[in-house]
Amino acid sequence: MAAYFAANAHSISERVLRLGSLAVTGPLSAFMGQNDRGLSVRLAYSACRGMTQDRLLTLADEYYENFIEDQWLDQGLELIQQARRQGHRVVLLSEGLEMVMGRALKDLRGVDEVLCNRLEVRNRRATGRLQEPIIAGHEACQQVKKYAQEQQLDLSQSLAYATYGGDMLLLASVGHPCAANPDFTLRRAAREVDWPIVDYNN
Amino acid sequence: MNPLSIRKTLAGKHILLTGATGFLGKFWLVTILDLIPEIGRVSVLMRGKSRMPADKRFDDMVNHSPIFEHLHLKHGPELSRFISERVDVVEGSIDRKMFGIAPDRLKSLQENCDLIINCAGLTDFNPDLRMSFKTNVQGALNAAELAQSLKKSPQLLHVSTCFVAGRREGYIDEVVVDTECPKGLDYDVEAEYQWVLDSLNKLEDSFSLPADASSKRIRIRDLRLRRDSIKLGKDRAAYWGWPNIYTYMKHMAEAMLVQRFPELSMSMFRPAIVETSVRYLPGWNEGFNGSGPFAYLLKGWFRQIPAAIDNPFDIVPVDLVCFGMTNAAAAMLSGRAKPAYHCGTTHLNRLTIDRATELTGLAHRTHLRKNGRRFTDRFLKSRFEGIAQPDDTVWSMENIRDAARTLSRSLRNSPDWLPQFAKDKCQDWAYEFDRMDRALKPVEAMLDAFSPFTRDTWQVFLCQNLKDLKVEEPEFQFNPDAAIEWRDYWLHVQMPALRKWCFPKYAGTEIPRYTPEHTFQWDASLTNPAAASKTVTNIVGQGVVKQ
């Protein structure tokens, strides 16, 4: 997402500079992401520093239309509907930005809330910083626990579906975890602790 | 002060409107007919043309201008009766004494009219000075003279422009400055008026031809006279501190009005750059001289807009202008009017030129990505957006044209040792560079004309008078801070409207004419002298006002 924004900055020179900074921070971000996904996400979105809110909102619409809108998997949507039928409150957790993922609330019937990252904007320009709370890795898990406390939800009765190794803590904090289309790290961990694994690609 | 009721104030009133065929005048007429049908009468001043008298021109306007579609759909076959009961067409011309109105009509107007709204004006930035002087200055004086002769209530609402402030910088107050020019020098407007008259007469005399001159010589004379008249006006405007002939003449009109008619009750209504409607009948635009040329320019491969970052760019939707104008008119009719009303957005909801440039680029980007016909449009041109360029840049229009001319000269003087086919190719390319230079000349002229507003002058027009004028009907309240969210307005209202209504004109193509299901025809016999008292009685009868 940050790369798309950087590649579509206002001027050509700005695009080169922002992509260049991502190229420098990218490997660092990938390395740090193994242990601190939050730092990795912060580094990535720092490339948006100085971009106007007008541009970011327009690019957010484009990103959603090009890369997300048609990518919802039918089985995934069915899982959401199933959760609704069972009376669950459905919360979508994403490392993406609110300006992109907010549209999911409109498109996905059955999702009650989206918890995602918000770019700090001052005088209509992004500062490059994310507002607290950060939704990434361990910090996302902390936020889920806080959310559950505020909403008076019993996590031991909750379901969670996740895909990446970085979401292990999140899955461990709920009563009914499920690895959905898991990556290698999560699949191995899920097998070790006997979490259900769901594979679907339609 | 209690809020003013626009409907009650205007009910039964008779207003003479000039400039009804223009963008603002037309929209205001539709607004009044739709939202204040209890208006007594609007007399619309229209010039007859050689093949079409004034009433037929009015019919043509109502039948074919798309802004009237709403009224056609609302009233259907009853529209002719509805409008004829409220509007009468008065044949005349702004540039003649008492508008050249026939004596019997004039007498009736003088006895019944409550207010004159002078909305007529030539809005080209640098037109022939003779035309601008006649319409914008002498027209205003004729309006004031007629207003002074009104027996019921001699009142004039003169539609001017915020930009009479010229190159004055900072926060511009709502006052009429008649003895000082923007450069701060003493300014005697009567002497200036005479200077313009004398200079134009001298210019015309210098181009006089014998009676038997050929038509070709006459045409050449007219072109040269026009060119010299424009130069005269531009130089004089610049001397005093106005960026163009339009603002120079509009200021002269204001200053002459206050000095020649000190006893006349009048207000100056000064809109900023009037653009697409946002709240009432959203998406309508007919303006030719606002942000449209910029947006059209940025549609292509051109990128650099000369602009100062954070320079206020005062765009105001036409419907908000009409509400402001209506409120100012109501204030005049209630004896609450202020001497001047600014009607813009920089005070209450500021848009800057760099933001407008970026929003225009984003709008083009989105449009090209979805609708671009060619791959290069969808993938390349969509990503090649306009940029507000504050400093002198190597890519300025002047430099580009210089480069084109230099390349053309070099190619025309290609070395002799080149083979013939290469020399021919050089000549072809030289021709292309000449063509590019010629095509860029009007672009450079346009950028120069706009640079006082986008780069050279920092101005915020205070709109306190309209803001403070509280009205009972919320739909009439002037509130650009609440009505406009700039990103949403620019991307979803302004740019689509420009694409639909204005870009075809710049490209030289026609916009589709509207054809109503039921043809409108104005019926002069449907005069309604009792309508005023009847309408007021109806309102009184409904218990709205006890009189």
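Just so we're clear, the structure is a prediction, and the values are computed from it rather than from any experiment. (Residues numbered from 1 in each chain as written. Chains lettered and ligands numbered in written order. Predicted model: local features only at pLDDT ≥ 70, side-chain atom pairs only at ≥ 80, totals over all residues. Heavy atoms only, no water.)

Novice: So what's going on with the overall build of chain B? Residues and values would help.
Specialist: Scanning chain B from terminus to terminus reveals 20 helices and 13 strands. For chain B, whose C-alpha radius of gyration is 25 Å, the value lies close to the compact-globule estimate of 24 Å for 547 residues. C-alpha atoms of chain B, sized along the principal axes, occupy 95 × 60 × 45 Å. Split into buried and exposed, the 547 residues of chain B put 56% on the buried side. Looking at chain B, you have 72 positive and 67 negative side-chain charges, and the mean spots of the two groups are 4 Å apart. (Helix = DSSP H or I, 4+ residues; strand = E, 2+ residues; numbered from the N terminus. Rg over C-alpha atoms; globule rule 2.2 N^0.38 Å. Buried < 20%, exposed > 50% of the residue type's maximum accessible area, 1.4 Å probe, protein only. Lys, Arg positive; Asp, Glu negative; His and termini not counted. Charge placed at Lys NZ, Arg CZ, Asp CG, Glu CD.)

Novice: Quick rundown of the sheet that holds strand 2 (residues 41–46) of chain B? Include the residues and the values.
Specialist: Residue and element names in this part refer to chain B. Within the open sheet, the seven strands sit side by side as 3-2-1-4-5-7-11. Their pairing is parallel. Looking at which strands have only one partner, the edges of the open sheet turn out to be strand 3 (87–91) and strand 11 (340–343). Adjacent strand axes in the sheet meet at a mean angle of 20°, parallel and antiparallel pairs treated alike. (Pairing = 2+ DSSP bridges. Axes fitted to C-alpha atoms, helices over the stretch in contact; angles between N-to-C directions.)

Novice: Break down the pairing of strand 3 of chain B for me, with residues and values.
Specialist: Residues and elements named next belong to chain B. By the criterion of burial, strand 3 is predominantly enclosed, with four of the five residues buried. Relative to strand 3, strand 2 is paired through five bridges, and the arrangement is parallel. Counted as the bridge partner of Met46 is Glu91 from strand 3.

Novice: So, the pattern of salt bridges: which residues are in play, and what are the values?
Specialist: Residues and elements named next belong to chain B. Applying the stated rule across the entire model yields 52 salt bridges over all chains. Asp88 is the salt-bridge partner of Arg41, the closest N and O atoms lying 3.5 Å from each other. With Arg41 in strand 2 and Asp88 in strand 3, the pair connects residues that are 47 residues apart, well separated along the chain. For Arg41, a relative accessible area of 15% gives the class buried. (Salt bridge = Lys/Arg side-chain N within 4 Å of Asp/Glu carboxyl O.)

Novice: Go over the pairing of strand 6 (residues 176–180) of chain A with me, naming the residues and quoting the values.
Specialist: Residues and elements named next belong to chain A. Counting buried positions along strand 6 yields four of five residues, so the element is predominantly enclosed. Judged from the four bridges that link them, strand 5 (residues 159–162) and strand 6 form a sheet pairing that is parallel. Opposite Ala162, over in strand 6, you have Ala179 as the bridge partner. Summarising the sheet, strand 6 and strand 7 (residues 197–198) pair through two bridges and their orientation is parallel. Along strand 7, the bridge assignment pairs Ala180 with Val198. Crossover connection from strand 6 via helix 9 (residues 184–193) to parallel strand 7: handedness right-handed. (Right-handed = clockwise from strand over helix to strand, strands pointing away.)

Novice: Go over the sheet that holds strand 5 of chain A with me, naming the residues and quoting the values.
Specialist: Read from one edge of the open sheet, three strands run 5-6-7 (chain A), paired in parallel fashion. The open sheet is flanked by strand 5 and strand 7 of chain A, the only strands paired with a single partner.

Novice: Break down the interface of chain B and chain A for me, citing the residues and quoting the values.
Specialist: The interface is formed by 17 residues belonging to chain B together with 17 residues belonging to chain A. For the chain B and chain A pair, buried surface summed over both sides reaches about 1,500 Å², with 38% attributable to carbon and sulfur atoms. In this structure, Arg55 of chain A and Glu358 of chain B form a salt bridge, with 2.7 Å as the shortest nitrogen-oxygen distance. Along the contact surface separating chain B from chain A lie 10 residue pairs in polar contact (both at pLDDT 80 or more). (Contact = heavy atoms within 4.5 Å. Buried area = accessible area lost by both parts, 1.4 Å probe. Polar contact = N/O pair within 3.5 Å; in protein donor to acceptor, adjacent residues only side chain to side chain.)

Novice: Help me get a handle on empty space enclosed by the protein, residues and values and all.
Specialist: Rolling a probe over the atoms, with the probe sized like a water molecule, indicates the empty space that remains. Residue and element names in this part refer to chain B. Enumeration according to the criterion identifies four cavities of 30 Å³ or more in this entry. If you trace the largest cavity, you find it lined by Phe163, Ile273, Pro312, Phe313, Asp314, Phe453, Thr457, Gln459 and Phe461. Class assignment of the residues belonging to the lining of the largest cavity gives a composition of six nonpolar, two polar and one charged. (1 Å grid on protein atoms, 1.4 Å probe; cavity = no way out; pocket = protein on both sides within 12 Å on 5 of 7 lines; lining within 4 Å. Points joined across faces, edges and corners; volume = space filled by probe spheres on them. Nonpolar A, V, L, I, M, F, W, Y, C, P; charged D, E, K, R; others polar.)

Novice: Summarise the packing of aromatic side chains; cite the residues concerned and give the values.
Specialist: If you walk through the whole model with that rule in mind, you get 25 aromatic pairs over all chains. Seen from the ring of Phe379 of chain B, Arg383 of chain B lies directly overhead, with NZ or CZ sitting 4.7 Å from the centre. (Phe/Tyr/Trp six-rings, centres within 6.5 Å; stacked < 30°, edge-to-face > 60°. Lys NZ or Arg CZ within 6 Å of the ring centre and 35° of its normal.)

Novice: With reference to specific residues and values, describe helix 6 (residues 103–112) of chain B.
Specialist: All names here are of chain B. Within the span of helix 6, buried status applies to Leu106, Leu109 and Gln110. One face of helix 6 carries all of its buried residues, which in axial projection span an arc of 95°. Those residues of helix 6 that are exposed and aimed more than 90 degrees away from the buried face are Asp104 and Lys107. Where helix 6 is buried, its residues contact strand 1 (14–18), strand 2, strand 3 and helix 7 (129–148). (Arc of directions from axis to C-beta.)

Novice: Any chance you could break down the side chain of Arg57 of chain B for me, citing the residues and the numbers?
Specialist: Relative to the helices and strands, Arg57 of chain B is located in helix 3 (residues 54–64). For Arg57 of chain B, the contacting residues outside a window of four places in its chain are Thr21, Met46, Arg47, Lys49 and Met52 of chain B.

Novice: Residue-level account of the environment of Pro271 of chain B, with values.
Specialist: All names here are of chain B. Within the secondary structure, Pro271 is located in strand 7 (residues 265–271). Judged by its relative accessible area of 4%, Pro271 is buried. For the pair formed by Pro271 and Tyr296, sequence separation is 25 residues and the distance between their alpha carbons is 23 Å. Excluding anything up to four places from it in sequence, Pro271 contacts Leu24, Val159, Ser160, Thr161, Cys162, Val321 and Cys343.

Novice: Help me get a handle on the nonpolar core, residues and values and all.
Specialist: Residue and element names in this part refer to chain B. Counting residues in each nonpolar core, the largest one holds 113 residues, and the members touching the most others are Leu29, Phe58, Ile117 and Trp490. Look past the residues within four positions of Leu29 in its chain and what remains in contact with it is Leu17, Val42, Val44, Phe58, Met61, Phe68 and Val87. Cys113, Met252, Leu257 and Met268 belong to the second largest nonpolar core, which has 46 residues in total. (Core = buried A, V, L, I, M, F, W, Y, C linked by side-chain atoms within 4.5 Å.)

Novice: Please set out helix 7 (residues 137–150) of chain A residue by residue, giving values where relevant.
Specialist: Residue and element names in this part refer to chain A. Spanning 14 residues, helix 7 covers 20 Å between terminal C-alpha atoms, matching the ideal 20 Å at 1.5 Å per step. Taken together, the buried residues of helix 7 touch helix 3 (37–45), strand 1 (91–97), strand 2 (113–117) and helix 8 (168–172). Of the residues one or two after helix 7, Gln152 is the one with positive phi, at around 55°. (Expected span 1.5 Å × (residues − 1).)

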